[in-house]
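# Residue-level structure breakdown
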Protein chains: 2
Amino acid sequence: MIRAVYHAVTGEPEKLARAIAVEETVEVPEALIDERTNREIVGRVEGTERLPDGRFALRIAYPTDLVKCLPDLLSVAYGNVSMMEGVRLAGLDLPPEVLARFRGPGFGVEGIRDLLGVRGRPLVCTVLKPRGATDEHFAKVAEEFALAGGDIVKEDNNLLDATQGDFERRVGRCVEAVARANRKTGRSCLYFANACAAVDRLERTAEAAIRLGAQGILIPPLLLGLDVVRDIAARHRLAVMAHPAFSGTFFEDRRHGIEPGILLGTIYRLAGVDISIFVNHGGRFNYRREECDGVARALRAPLGRIRTAFAAPAGGMTIDRVKEMASEYGPDTVLVFGGAILGDSAGIGKATEACLARVLSLFPDRPGARA
Amino acid sequence: MIRAVYHAVTGEPEKLARAIAVEETVEVPEALIDERTNREIVGRVEGTERLPDGRFALRIAYPTDLVKCLPDLLSVAYGNVSMMEGVRLAGLDLPPEVLARFRGPGFGVEGIRDLLGVRGRPLVCTVLKPRGATDEHFAKVAEEFALAGGDIVKEDNNLLDATQGDFERRVGRCVEAVARANRKTGRSCLYFANACAAVDRLERTAEAAIRLGAQGILIPPLLLGLDVVRDIAARHRLAVMAHPAFSGTFFEDRRHGIEPGILLGTIYRLAGVDISIFVNHGGRFNYRREECDGVARALRAPLGRIRTAFAAPAGGMTIDRVKEMASEYGPDTVLVFGGAILGDSAGIGKATEACLARVLSLFPDRPGARA
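Residues numbered from 1 in each chain as written. Chains lettered and ligands numbered in written order. Predicted model: local features only at pLDDT ≥ 70, side-chain atom pairs only at ≥ 80, totals over all residues.

## With respect to the overall build of chain A
Summing up its helical and strand segments, chain A has 15 helices and 13 strands in all. Against the compact-globule benchmark of 21 Å for 371 residues, chain A has a radius of gyration of 22 Å, which places it among compact chains. Projected onto the principal axes, the alpha-carbon positions of chain A cover approximately 70 × 40 × 40 Å. Residue burial in chain A is summarised as follows: out of 371 residues, 59% are buried. Counting only contacts in chain A whose residues sit at least 6 apart along the sequence, the fraction spanning at least 24 positions is 73%. (Helix = DSSP H or I, 4+ residues; strand = E, 2+ residues; numbered from the N terminus. Rg over C-alpha atoms; globule rule 2.2 N^0.38 Å. Buried ≥ 20, exposed ≤ 12 C-beta atoms within 10 Å, placed from the backbone. Contact = placed C-beta atoms within 7 Å.)

## Structural notes on the domain arrangement of chain A
Residue and element names in this part refer to chain A. Taken as a whole, chain A is organised into domain 1 (2–99) and domain 2 (108–362). Taking the mean C-alpha position of each, domain 1 and domain 2 sit 34 Å from one another. Taken together, the contact between domain 1 and domain 2 spans 14 residues of the former and 15 residues of the latter. Secondary structure elements with two or more residues in the side of domain 1 that touches domain 2: helix H3 (70–78), strand S4 (87–93) and helix H4 (96–99). Of all the elements, S4 adds the most residues to the side of domain 1 that touches domain 2, at five residues. Here the side of domain 1 that touches domain 2 is composed, by residue class, of twelve nonpolar, one polar and one charged. (Domains from an automatic or database assignment. Nonpolar A, V, L, I, M, F, W, Y, C, P; charged D, E, K, R; others polar.)

## Focus: the sheet that holds strand S6 (residues 152–155) of chain A
Residue and element names in this part refer to chain A. Spatial ordering of the open sheet is given by S12-S11-S9-S8-S7-S6-S5-S13, a layout of eight strands whose pairing is parallel. The open sheet is flanked by strand S12 (310–314) and strand S13 (334–337), the only strands paired with a single partner. Across the sheet, the mean angle separating the axes of adjacent strands is 25° when strand polarity is ignored. Pairing between S6 and strand S7 (residues 190–194): three bridges, direction parallel. Bridging from a neighbouring strand, Val153 pairs with Tyr191 of S7. (Pairing = 2+ DSSP bridges. Axes fitted to C-alpha atoms, helices over the stretch in contact; angles between N-to-C directions.)

## Some words on helix H11 (residues 260–270) of chain A
The buried fraction of H11 of chain A amounts to eleven of the eleven residues, a majority that puts the element mostly inside the structure. Within two residues after H11 of chain A, Gly272 of chain A carries a phi angle of roughly 90°, on the positive side.

## Some remarks on the relation of the copies chain A and chain B
The pair of chain copies shares a relation made of a rotation about an axis and a shift along it. For these two chains of identical sequence, chain A goes onto chain B by a turn of 180° and a shift of 0.0 Å along the axis, with RMSD 0.0 Å. With respect to symmetry, the two chain copies, as superposed, fit the operation of a two-fold axis. Measuring from the rotation axis to each C-alpha of chain A, the shortest distance belongs to Gly225 of chain A, at 1.9 Å. The overlap is high: 100% of the interface residues of chain A also sit at the interface in chain B, so the same surface is used on both sides. (Least-squares fit on C-alpha atoms with pLDDT ≥ 70 in both.)

## Some remarks on the pairing of strand S4 (residues 87–93) of chain B
All names here are of chain B. Across six bridges, strand S1 (residues 2–8) lies against S4 in antiparallel orientation. Among the inter-strand pairings, Ala4 is bridged to a residue of S4, identified as Leu92. Across two bridges, S4 lies against strand S10 (residues 257–258) in parallel orientation. In the strand pairing of S10, Arg88 is matched with Gly257.

## Details of the interface of chain A and chain B
Between chain A and chain B, the contact holds 64 residues from the first and 64 residues from the second. In terms of residues, the side of chain A that touches chain B owes the most to one element, H3 of chain A, which gives six residues. In terms of residue class, the side of chain A that touches chain B is made up of 32 nonpolar, 19 polar and 13 charged.

## Section: unusual backbone geometry
Residues and elements named next belong to chain A. Residues Lys129 and Pro130 are joined by a peptide bond in cis, for which omega reads 0°. Mapped onto the elements, Pro130 comes out in the loop between strand S5 (123–128) and helix H6 (135–147). Backbone geometry at Phe246 places phi at a positive 75°, although glycine is not the residue there. If you trace the backbone, Phe246 turns up in the loop between strand S9 (239–242) and strand S10 (257–258). On the basis of neighbour counts, which here come to 25 C-beta atoms within 10 Å, the residue Phe246 falls in the buried class.

## Topic: the sheet that holds S10 of chain B
Strand pairing in a sheet is mediated by backbone hydrogen bonds. Such pairs are either parallel or antiparallel. Reading across from one edge, S2-S3-S1-S4-S10 (chain B) is the order of the five strands in this open sheet, with mixed pairing throughout. In this open sheet, the two edge strands, each paired with only one partner strand, are strand S2 (44–50) and S10 of chain B.

## Thoughts on helix H3 (residues 70–78) of chain B
Extensive coverage of H3 of chain B is indicated by the burial of nine of its nine residues. Listed in full, the buried residues belonging to H3 of chain B are Leu70, Pro71, Asp72, Leu73, Leu74, Ser75, Val76, Ala77 and Tyr78 of chain B.

## Quick word on the environment of Ala301 of chain B
All names here are of chain B. Within the secondary structure, Ala301 is located in the loop between helix H12 (289–300) and strand S12 (310–314). Take Ala301: there are 13 C-beta atoms within 10 Å of it, and that puts it in the partly exposed class. Sequence separation between Ala301 and Thr266 is 35 residues, and the spatial gap between their C-alpha atoms is 8.5 Å.

## Remarks on the environment of Leu342 of chain A
Along the polypeptide, Leu342 of chain A turns up in helix H14 (residues 339–342). Taking the C-beta count within 10 Å as the criterion, Leu342 of chain A has 21 such neighbours and is therefore assigned buried. Between the alpha carbons of Leu342 of chain A and Pro13 of chain A there is a distance of 51 Å; along the sequence they are 329 residues apart. Residues contacting Leu342 of chain A, with those up to four places away along its chain left out, are Thr126, Val141 and Ile348 of chain A together with Val28 and Leu32 of chain B.

Next up, the structure:
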């Protein structure tokens, strides 16, 4: 069974739980549910308990057979429930039969570390932006960052391209610049190209990214569709970094939506995400520490044979938060610094070095060494 | 310019408006924005006004060039803003250059009426469910409904298919049953097959639906991705009925998210939706009348050369609400009755006839006649 837990504002927990169990599976009035349908298809209410905050936890088990693909899972777990007031998906436990339907991250934590040759410490990532800057500028930023020992260059979510030609020109120049730096340093800084495009252009975008030498793509699952990301990740040898754009409505109202750990952790892993960016607490956005920790936990938790993924706290992080983030999230973390590295008065190289020095002071083991 | 209006909870409207204008376009600290970037790329704050409820309306104009495709539009209008507390997208005005990039509904109100040969009145739709019933049962329901004069049979959102074979068997039998009824009645009842599948199966699903004789598909844009729907609609001669599953997080918190009319109206039309299902007020879900009216208005409002679409209020509607819904939403409406027709003690045929009789008493002109 697929076990979901909903936290709900209600005076009638049993009644609401049954309504959800029916809504998510057969969506008909009770009078139209015969005994066999009820036994074989309708969700089963396994219990309800009062929570300390006065809401109720509703535990519902759905037949495993209902879920053959990712849209099925989203539909069963939170499709029509999303339209019910005061109901939040707070727990999701998937049986081996469902997990077996998903490949998960193609690289995962270990695979990304293999590409990079970096073990035992958080990775440092910077962002190519703002939109409007020249390819030369981006290539120079990428090269300086890579020369200074940075681990991942990602293109900004806002680098929306008019044409495939624009995309290929930028990615080509930047990958070349990073490769040049890698030859000097002997390291393997990775390049992630922005794959936010119309879905009928995604295939060409992914193929071009590979052909040009990028190791990964930055992609916004909620803007494009979660199953689009799963599909593209499954068919291309590209590491996937997920951007949280358009995800905020799931989290804003804490009495509704989906726990961040379930969506940006568990479900993103099913969608093949290797690195999940989320907005860290204390940055430009108002997320809570326990929510961020929940995402990081879900990215590393056992999930059948599905690989673990990197947590990537971001959103206005400054270099003086390295220590705090490293101790909060541990080594399997990608620290994303956009403005903090790009805008440092000492220059991109010095800022990157300072950032890495802090990381290495906290995780001194085998910097840069292959396992 | 693309003009967006945000309604926001804030004590510093100008500051927040500028933060949004930067966030949605370049996402860097102010210090990194040079004069040219600010002029050409960053959104322009056109004004802020206090609303009667104490919030502020923030008016921001984004350069038209930023948006080449649907994911771009979603990203610019509400990508990172979705992660800001208390900010709702309340208005969206698109210039002709942006609208020209979208085909919109392939049929629209007039095209669907052409298929059906029904003018000047709301259409009556029923739903094949529950999941678990046999194909024979569904075919029989579809046939009875079509014989009684029903306009559209749609497959339920919960009819998730294990295999392409299951899908084709059901659709084949049901289309045949509806065609049989149509030969008897001389009418053209339409059949919409459920196209909620893994995205890599959608193409085959759409092709099979056409080959088997379905006139349309039921598809959940938020479960699959809005641009997936646009892409599939653009490449196949199938009318598109959108199901609102997974859309609820945009609407639950009225101080956050997106106005239902913008998402389920304007944006759905850009995505090629011919019939937009939304949960009506006073049904199983708690939506407000003004929100539902906003969706209906946006579906019929001028939008460049993009066709108008049908409003389809649903979610536990009963036949005694026909008069109320017809007068509220007018003739370009699809009235969706699932349980109310399937569970009527008089039988599906009688329930359909009763429903149509009410519609025809309100819109007596040329029932069933071609224009």
